[in-house]
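One-letter residues, chain by chain:
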Amino acid sequence: TGWYTYTMRLAKNEIEDCHLLLAAADGRTGLTVSVSPFTNADGVTLTTDLMYAYYFEDVDGQTIPDPTPWVREGMTFDLPAGQSRIFIIKVHTAADSPAGMYQATVTVKDADGREVKKAVVSAYVWNFALPEETSCKTQMDLSWWNIYVSHKCYEGDDGLLYKLYYDYLLENRICAYTLPYATDGTYEDSRILEYLNNPRVVAFNPLSWKKDADVWRVQAAYAYLSQNQDWLRRSYFYLVDEPGSQDALNKINSIAEVLKQYFPGYKMLAPEHVNYALNADSTEDYFSAVQNSINVWCFKPYFFTTYEEYRYSVYAYDKPLTYWMTPQLEKNLGTFADRMYAEQAGGDELWWYVTRNPESPEITLLMETQAVRYRILFWQQKLYNVDGFLYYSVNDWYEMGENQGLNSKHEVSDFPYDVYGNGVLVYCGSPFGEYGPVGCLRLECVRDGIEDYEYLTMLAEQYDKETVDLIIRRLTTSLSEYNTDEEFFTALRIAVGTLLEQAVND
C-alpha cells in the first residue's frame, strides 16, 4: 500500500524506533524486507536494526503482536490478503553522534527479487545527549532458571546466556536484580567489575535475588562493595516481598538490625501492596511499622489516591480507583503522599511498581494496555516525584505445551483479574533461533518511558520542577486523568526535546 513516512526524533545516546506496516490487497508470498543504516549528509551512520512483530492469536479473542525478533539475512515473509504485518526499524545513537538529520532506505522485494516498494525513513538527532546513568532507577527480576530451562541449556554455559539477557535489558536502561557473575550472591569472579563500574547499572541487589541476609553473607558483601563508595550507592537490598502480616513486618525490622550493624548506610526496599491499621485507634499501619528500617519506600501508585479522590471515582468512573488506606489512617497520619514526601525530604527514596492489577484507568504493563499509557506512567512517575520503578519480573514465563518463553501468558483469578503478558518483557530467543533474548513492543515502550523521564529530569535542571510539572500536566494530572491521544503525546514530546535542545545549547 502507500507509504506514510515519519521522522523519528531522539537525543544522542538514545534508542528510538518506528513501525513499518505492510499490507497488500491481493496478498504476497516470499517477500524480503531490508533497511539501510541511517546516514547523514557527511556519511556518518547510526546503528540500525530491523525486527518483525510476532503475533499471538489468543489475546482475549484478538490477534496482538508483541515479540520482536530480528530480521535475519535470507528471511522471507508472507503477507495474506486482507491482513497486515508490522516491522520495527530501530536506530541507536551514541553520545558523540553528530546532531542533525539522518535517513535510511527501506526496501521490499517480491519472491523473484524484484523491488516492489522503497521508502526513505528519517531520524533527527537533537544536539544533546542522555547520560549513561539513568535518573529513573530500575530493578526487575531476571530468572536464571527460566532462561536456562527454556533454552534447554541444562549443563550451563559459564553464565553466557544470563549475561546476554542482562546486557539486553541494560541496553534498554533496565537493571535486573542480580548482576552477571554474582548469581549466588558472592563476588569471587572478577568479571563482575564490568558491571559494578558501568554507570548504566544504577541499582542491584548486593546479595542477589532470594538470598537470606545471613550475617556472614552481609559482611562479605560489605567487605567487597565498600572498596568503592559508588558500588555501595547503587546497592539496594530487597529481601521481603509484599509484607502482608505482622510477622512479615517483624522480619523486615529484624533484617534491618543486621544491616545497620554489618552494612552501614544500607538501602532496603520491601514492596508494599496493601495497608492496614495495626491498632484499634488507627495510629499505626504497615508503613509506620517499618519506618525505622525501610529507607527506599516501594509501593503501588494507587497509594497516592486519597479517600476524597476515591469517593469521587465511585461516581465518576465505570470502575472506582483502588484505595488501600482508610479515612481514619489518613486523618491520624496524614495522606500517603504527605507521609512519603516527608520521608523523601529526610533522605529516603520513593519507588513504585505495578503488576497485573488494578485495571484501567490505573496503568499496568499488560499486553492489552495501550502503548501510549506505558509512556504516560513514567510521566506520572515524574509528576509524583518518584525516584525508581520496580517490576517483579521480565521473564516469568509460563509453560504452555512446548511454548515456554513464547506465549501470551494468560492469567485468570477470582481476585479478580483476567490479563495477558504480566511479568514478561522479554521472550526466549530459542524458538527464533537466537541464543539469547528477543525483545517486545512493550519493552520498547518501557525503555521509551524511562528515556522520557530522563528528558523531564534534564529539563527540570535547565528550568525548574514547577515548569516541568506544568508541561506534564498537559498530558496527565493524576493517576486516573490523562490524555491518550497519540498524536498529542508525540507533539508534546517533540516540544520537550526541542525546548531542551535550545536550553542546553544556549
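Residues numbered from 1 in each chain as written. Predicted model: local features only at pLDDT ≥ 70, side-chain atom pairs only at ≥ 80, totals over all residues. Heavy atoms only, no water.

### Things to note about the layout of surface pockets
- Roughly 1,600 Å³ of internal volume is contained in the largest pocket.
- Ranked by residues supplied to the lining of the largest pocket, first place goes to strand β2 (residues 15–23) with eight residues.
- A class-by-class count of the residues in the lining of the largest pocket yields 28 nonpolar, eight polar and 14 charged.
- Within this model, the second largest pocket holds a volume of roughly 640 Å³.
- Residue lining of the second largest pocket: 32 residues in total, with Glu242, Lys300, Thr355, Arg356 and Asn357 positioned closest to the centre. (1 Å grid on protein atoms, 1.4 Å probe; cavity = no way out; pocket = protein on both sides within 12 Å on 5 of 7 lines; lining within 4 Å. Points joined across faces, edges and corners; volume = space filled by probe spheres on them. Helix = DSSP H or I, 4+ residues; strand = E, 2+ residues; numbered from the N terminus. Nonpolar A, V, L, I, M, F, W, Y, C, P; charged D, E, K, R; others polar.)

### A few points about the sheet that holds strand β8 (residues 67–68)
- Read across the sheet, three strands follow the order β8-β22-β21 without closing on themselves; strand pairing throughout is antiparallel. For this open sheet the edge positions go to β8 and β21 (427–428), each flanked by a neighbour on one side alone.
- In this structure, β8 lies alongside strand β22 (residues 437–440), joined through two bridges in antiparallel fashion. Considered in β22, the bridge of Thr68 is made with Gly439.
- On top of the sheet, helix α2 (residues 160–171) reaches β21 and β22; it is set at about 25° to β22, its chief contact.
- Packed onto the sheet, helix α11 (residues 441–462) meets β8, β21 and β22 and runs at close to 70° relative to β22. (Pairing = 2+ DSSP bridges. Contact = heavy atoms within 4.5 Å. Axes fitted to C-alpha atoms, helices over the stretch in contact; angles between N-to-C directions.)

### Thoughts on the pattern of salt bridges
- The tally for this structure, following the rule as stated, stands at 33 salt bridges.
- Each of the salt bridges in this network shares a partner with another, and the network as a whole consists of Glu14, Glu16, Asp17, Lys90, Arg173, Arg375, Glu444, Arg447, Asp448, Glu451, Asp452 and Arg493. (Salt bridge = Lys/Arg side-chain N within 4 Å of Asp/Glu carboxyl O.)

### Let's talk about the sheet that holds strand β13 (residues 137–140)
- Within the open sheet, the four strands sit side by side as β13-β18-β17-β16. Their pairing is parallel. Every other strand in the sheet has two partners, leaving β13 and β16 (296–299) as the edge strands with one partner each. Taken over all neighbouring pairs, the strand axes of this sheet differ in orientation by 20° on average, direction set aside.
- As defined by bridge partners, β16 adjoins strand β17 (residues 349–353) across four bridges and the pair is classed as parallel. Bridging from a neighbouring strand, Cys298 pairs with Trp351 of β17.
- Together, β17 and β18 (388–391) form the strand contacts of helix α10 (residues 371–383), whose direction differs from that of β18 by roughly 135°.

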